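Breakdown of the fold
Here are the chains, one letter per residue:
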Amino acid sequence: LSEALELEIGEEVAATLKVAKKSYNVGEKVQIEASISGLDTDLIPIGSVELLKGKESLGVAEIGENGKAIFDLVKGFEVGSTEVTAKYSGDVNFLSKDTSSETILVIDELVTTLELSRSSLKSNERILLSSTVRSKTEGLPASGSVVFYSGDKAIATSELGPEGVATVEILAKDIGDGDKAIRAA
C-alpha cells in the first residue's frame, strides 16, 4: 500500500488584494482589503484570509458577507517598499488560493535644509539657492520638487535630483528689496 496523499476538491475562487492608498507615513495605519469570490457559482466563500510579508504572517481576518477580509495594520512595515500577499485557506466548497502581491510604500518624515551661496548681495547679482530633502529616519533622498520662498512669495521651483538636492540661481532683485527671509518647502 502506498502512503495516502492529500487531494483538495472544490470550486475555484478569484482572490485579489488591494491597498487603500499608494503610500503611508511611518506609524500610519495601513489598510489592506482581500476580496474572495467564487467563480462560476452563486456560492459565497467563507473562512479566513492570512496576510503575508514573505513567509511572515501579518495577521488573519475573517471574510465578511461581502466577500472581503479587511486588515488595518500599524506594525510590520519599515520605511521603504514591502510586498504583501494574502492566502485564502479555502472552505468546504472552495479551493484555497493565493493573491498576487501588492506593494506598500512607507515613507518617513522629510527634513528640508536650505543653503545660500552668500548672505549679502546687490540687486543685479545672482544667488544660488540649494535645498536638500531627505527622510528623517533613514536619510534617504526624496523625490519631487522644492519651492523657494521670499517671505510668503514663491520665487522659484526646482526639481529634486537623484541625491535629493534642488538648486536654482536667481537674481537678487527677484527676491525683493531689504532683508528677506528665504525658505524652502
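Up top is the structure.
Residues numbered from 1 in each chain as written. Predicted model: local features only at pLDDT ≥ 70, side-chain atom pairs only at ≥ 80, totals over all residues. Heavy atoms only, no water.

**Topic: the pairing of strand 9 (residues 102–107)**
- Where strand 2 (residues 23–25) and strand 9 come together, three bridges link them in parallel fashion. Along strand 9, the bridge assignment pairs S23 with L105.
- As defined by bridge partners, strand 7 (residues 80–88) adjoins strand 9 across five bridges and the pair is classed as antiparallel. Within strand 9, the residue paired with V84 across the bridge is E102. (Pairing = 2+ DSSP bridges. Helix = DSSP H or I, 4+ residues; strand = E, 2+ residues; numbered from the N terminus.)

**Points about the packing of aromatic side chains**
- Scanning the entire structure with this criterion turns up zero aromatic pairs.
- Lying across the ring of Y149, R183 places its NZ or CZ 4.3 Å from the centre. (Phe/Tyr/Trp six-rings, centres within 6.5 Å; stacked < 30°, edge-to-face > 60°. Lys NZ or Arg CZ within 6 Å of the ring centre and 35° of its normal.)

**Quick word on the sheet that holds strand 12 (residues 145–150)**
- An order of 13-12-15 is seen for the three strands of this open sheet, with the pairing classed as antiparallel. Looking at strand neighbours, the two that pair on one side only are strand 13 (153–159) and strand 15 (182–184), the edges of this open sheet. Sheet twist, expressed as the average angle between the axes of neighbouring strands with direction ignored, equals 20 degrees.
- The pairing of strand 12 with strand 15 spans three bridges and is antiparallel. Considered in strand 15, the bridge of F148 is made with A184. (Axes fitted to C-alpha atoms, helices over the stretch in contact; angles between N-to-C directions.)

That is the geometry; function is a separate question.
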